[in-house]
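Observations on the three-dimensional arrangement
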Amino acid sequence: MSVPKLPLSGITVVSLEQAVAAPYATRQLADLGARIIKVERPGGGDFARRYDTTVHGHSSYFVWLNRSKESLTLDLKDPRGLEILHRLLDDADVFMQNLAPGAVDRLGLDTGTLTERRPRLIPCTISGYGTDGPWADRKSYDLLVQCQTGLVSLTGTPQETARVGISVADIAAGMYAYSGVLTALYTRATTGTAHPVEVSLFEALAEWMGQPANYTQYGGRQPPRLGTQHATIAPYGTFRSADGKDVLFSIQNEREWAVLCAEFLGDPELTTDPRFATGSDRVAHREEINAVVAERCARSDAEEILKDLEDIGIACAGVNDIAAFLDHPVLAARGRWREVGVPGATVQALLPPADLAGLPARMDPVPAVGEHTDAILTGLGHSRDDIEALRADGVV
């Protein structure tokens with residue numbers, strides 16, 4: 001039985017990538033079958049390889065972001081290394097990069113130069129704050145962007161701000177780079193024109209800030225910082241059960257509010273209380289509502305509360321730690337885990353979230369630094385002696 005061809009089979013991406021944003025974009029392209037040639041520094045490679053050593057001696061970030069790729073080491077400051085990169089780009093479909101501001105310009109790999117020489121190449125640039133404008137030369141990383149967009153001011157408790165616990169700005173930028181490249185590939189296929197793609201961490205996360213931006217601009221104040229509570233919906237958040245566990249649920253509409261009052265709180269007359277008549281009224285009287293709900297939850301264990309809420313159609317959940325997430329019954333029952341190779345071991349990894357019916361998931365190994373250098377150079381016509389000479393000189 002033949003294996004179905006993946007959608008991006010035949011597409012080659014050459015990537016000068018590091019950290020999270022660009023590797024996340026290219027890993028998703030790899031998931032769909034694209035060939036990703038990850039260009040790394042000789043010796044150490046992508047510095048994300050050394051963020052931690054928790055996964056069989058490898059970085060948890062790097063293992064997550066770099067499966068199904070080929071690793072090629074090149075010293076791009078050496079003309080021989082840069083020439084090898086140009087030869088790869090001659091046959092590539094996409095050039096991805098998220099190097100520090102000005103780095104690709106100094107190498108002669110800016111978008112204008114690349115597209116003049118290779119009209120069918122799709123360059124994709126991921127920057128911190130854009131490639132022009134007053135902050136074009138600023139370095140950035142995830143938490144800086146969380147701060148600059150105001151996200152940190154929304155996250156945490158009334159007493160203290162907090163960063164979002166994952167690299168949300170990097171992930172947002174990687175997602176938009178991924179969708180931008182897919183759109184550019186489709187446009188090139190249908191019109192013959194290759195459009196460069198640019199994404200900044202700041203503008204990617206700024207898009208995700210649309211709701212609080214509207215709330216602040218037209219409401220005259222920004223949403224309050226409420227922990228697990230919601231700025232515009234009540235009741236919404238975590239409540240402590242009799243056995244000391246947190247249970248989360250939310251009320252999304254008037255029907256659910258009426259059901260909650262009658263079936264869970266045991267007080268249907270709350271629906272006629274003018275303090276709680278509308279969603280805005282309930283938000284304005286959040287403390288009173290929370291007190292009623294908290295008193296009810298304090299009389300039952302978490303398992304009983306969750307069952308009662310599920311029985312009446314109210315969305316709810318316990319608050320999992322990461323160990324509980326790893327053992328989640330949905331992931332197990334739907335077969336979402338797969339084994340992926342890393343140098344010297346294997347790890348469990350989740351399937352890509354978008355299932356394409358009839359197409360298998362690509363879950364190839366995470367490469368060692370420079371693992372594919374010899375094979376790639378051989379494919380470009382270099383002899384064994386050539387490769388050894390380049391290696392001796394530190395070019396690869």
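See the structure shown above.
Residues numbered from 1 in each chain as written. Predicted model: local features only at pLDDT ≥ 70, side-chain atom pairs only at ≥ 80, totals over all residues. Heavy atoms only, no water.

1. Quick notes on the side chain of H382
Assignment of secondary structure puts H382 in the loop between α17 (373-379) and α18 (384-392). In this structure the side chain of H382 is engaged in a polar contact, spanning 3.2 Å, whose partner is the side chain of R87. Not counting the four nearest positions on each side in its chain, H382 is found in contact with I84, R87, L377, I387 and L390. (Helix = DSSP H or I, 4+ residues; strand = E, 2+ residues; numbered from the N terminus. Polar contact = N/O pair within 3.5 Å; in protein donor to acceptor, adjacent residues only side chain to side chain. Contact = heavy atoms within 4.5 Å.)

2. Examining the nonpolar core
Core analysis: the biggest nonpolar cluster contains 35 residues, and V13, L29, M96 and I126 have the highest contact counts within it. Broken down by secondary-structure element, the contributors of at least two residues to this core are α1 (21-31), β4 (94-97), β5 (122-127), α8 (168-191), β6 (197-200) and α9 (201-208). Sorting elements by how many residues they give to this core places α8 first, with 9 residues. Once residues lying within four places of it in the same chain are set aside, the contact partners of V13 are T26, L29, A34, R35, I36, I37, V94 and M96. The next biggest cluster of nonpolar side chains, apart from the first, holds 26 residues, and it includes L74, L107, I376 and I387. (Core = buried A, V, L, I, M, F, W, Y, C linked by side-chain atoms within 4.5 Å. Buried < 20%, exposed > 50% of the residue type's maximum accessible area, 1.4 Å probe, protein only.)

3. A short note on the packing of aromatic side chains
Within the structure shown, the criterion is met by 9 aromatic pairs. Geometrically, the ring pair formed by Y129 and F202 is tilted, given 5.7 Å between the ring centres and 45° between the ring planes. Pair noted here: Y129 is in the loop between β5 and α6 (142-148) and F202 is in helix α9, with a separation of 73 residues, a long-range link. Classification of Y129 by relative accessible area gives buried; the value is 11%. One aromatic cluster is present, built from ring pairs that chain together Y24, F47, Y51, Y61 and W64. Directly above the ring of W135 sits R138, whose terminal nitrogen or CZ lies 3.6 Å from the centroid. Against the face of F264 rests R296, its NZ or CZ located 4.1 Å from the ring centre. (Phe/Tyr/Trp six-rings, centres within 6.5 Å; stacked < 30°, edge-to-face > 60°. Lys NZ or Arg CZ within 6 Å of the ring centre and 35° of its normal.)

4. Considerations on the sheet that holds strand β2 (residues 35-40)
As summarised here, the arrangement of the 6 strands in space is β3-β2-β1-β4-β5-β6, forming an open sheet in which the pairing is parallel. Taken across any chain shown, the strands that pair with only one partner, and hence form the sheet edges, are β3 (70-73) and β6. Shown here is a sheet whose adjacent strand axes are inclined to one another by a mean of 20°, direction ignored. Of the strand pairs in this sheet, β5 and β6 are connected by 4 bridges, and their pairing is parallel. Looking at the pairing, C124 lines up with V197 of β6. (Pairing = 2+ DSSP bridges. Axes fitted to C-alpha atoms, helices over the stretch in contact; angles between N-to-C directions.)

5. Brief notes about the side chain of T73
Mapped onto the fold, T73 is located in strand β3. On the accessibility criterion, T73 (7% relative accessible area) is buried.

6. Looking at the pattern of salt bridges
The full count for this structure, using the stated rule, is 26 salt bridges. Measuring nitrogen to oxygen at the nearest pair gives 2.7 Å for the salt bridge that ties E70 to R35. With E70 in strand β3 and R35 in strand β2, this residue pair connects regions lying 35 residues apart in the sequence. Two residues, E40 and R49, come together in a salt bridge whose shortest N-O distance is 2.8 Å. Accessibility expressed as a relative area gives 3% for E40, which makes it buried. A relative accessible area of 15% places R49 in the buried class. Within the structure, one salt-bridge network assembled from shared partners comprises E17, K38, D46 and K69. (Salt bridge = Lys/Arg side-chain N within 4 Å of Asp/Glu carboxyl O.)

7. Details of the sheet that holds strand β7 (residues 236-240)
Strand order in the open sheet formed by 3 strands is β7-β8-β9, with antiparallel pairing between adjacent strands. This sheet does not close on itself; its edge strands, each paired only once, are β7 and β9 (316-318). Taken pair by pair, the neighbouring strands of this sheet meet at an average axis angle of 25°, ignoring direction. For β7 and strand β8 (residues 246-250), the ladder comprises 5 bridges, and the chain directions are antiparallel. Of the residues in β8, the one forming a bridge with G237 is F249.

8. Some words on the packing of α1 against α8
At their nearest, the axes of α1 and α8 sit 7 Å apart, and the two run at 45° to each other. As summarised for this structure, α1 and α8 are arranged oblique, according to the angle between their axes. In this structure, α1 meets α8 at a crossing whose hand is right-handed. Here A21, Y24, A25, Q28 and L29 of α1 come into contact with α8, specifically with D170, I171, A173, G174, M175, A177, Y178, V181 and L182. Residue classes in the contact of α1 with α8 are distributed as 11 nonpolar, 2 polar and 1 charged. (Parallel < 35°, antiparallel > 145°, perpendicular 65-115°, else oblique. Left-handed = near helix turned anticlockwise from the far one by under 90°. Nonpolar A, V, L, I, M, F, W, Y, C, P; charged D, E, K, R; others polar.)

9. Remarks on a positive patch on the surface
Among the surface-exposed residues, R41, R50, K77 and R106 lie close enough to one another that they form a single positively charged patch. Turning to its location among the elements, R50 is positioned in the loop between β2 and α2 (60-65). (Patch = residues over 30% accessible without salt bridge, like charges linked within 9 Å, V, L, I, M, F, W, Y side chains within 5 Å. Areas by Shrake-Rupley, 256 points an atom, 1.4 Å probe, with all protein chains shown as cover. Lys, Arg positive; Asp, Glu negative; His and termini not counted. Charge placed at Lys NZ, Arg CZ, Asp CG, Glu CD.)

10. Observations concerning the pairing of strand β10 (residues 337-342)
Both β10 and strand β11 (residues 345-350) contribute to a ladder of 6 bridges, which runs antiparallel. Directly across from E339, in β11, lies its bridge partner Q348. In this structure, the hairpin formed by β10 and β11 is closed by a connection of 2 residues, where G344 is found at a positive phi of approximately 85°.

11. Let's talk about the environment of D311
Checked against the element boundaries, D311 lands in helix α14 (residues 302-311). With a relative accessible area of 53%, D311 lands in the exposed category. Along the chain, D311 and E263 lie 48 residues apart, while their C-alpha atoms are 9.6 Å from each other. Engagement of the side chain of D311 in a polar contact is seen with the side chain of K307, the distance being 2.8 Å.

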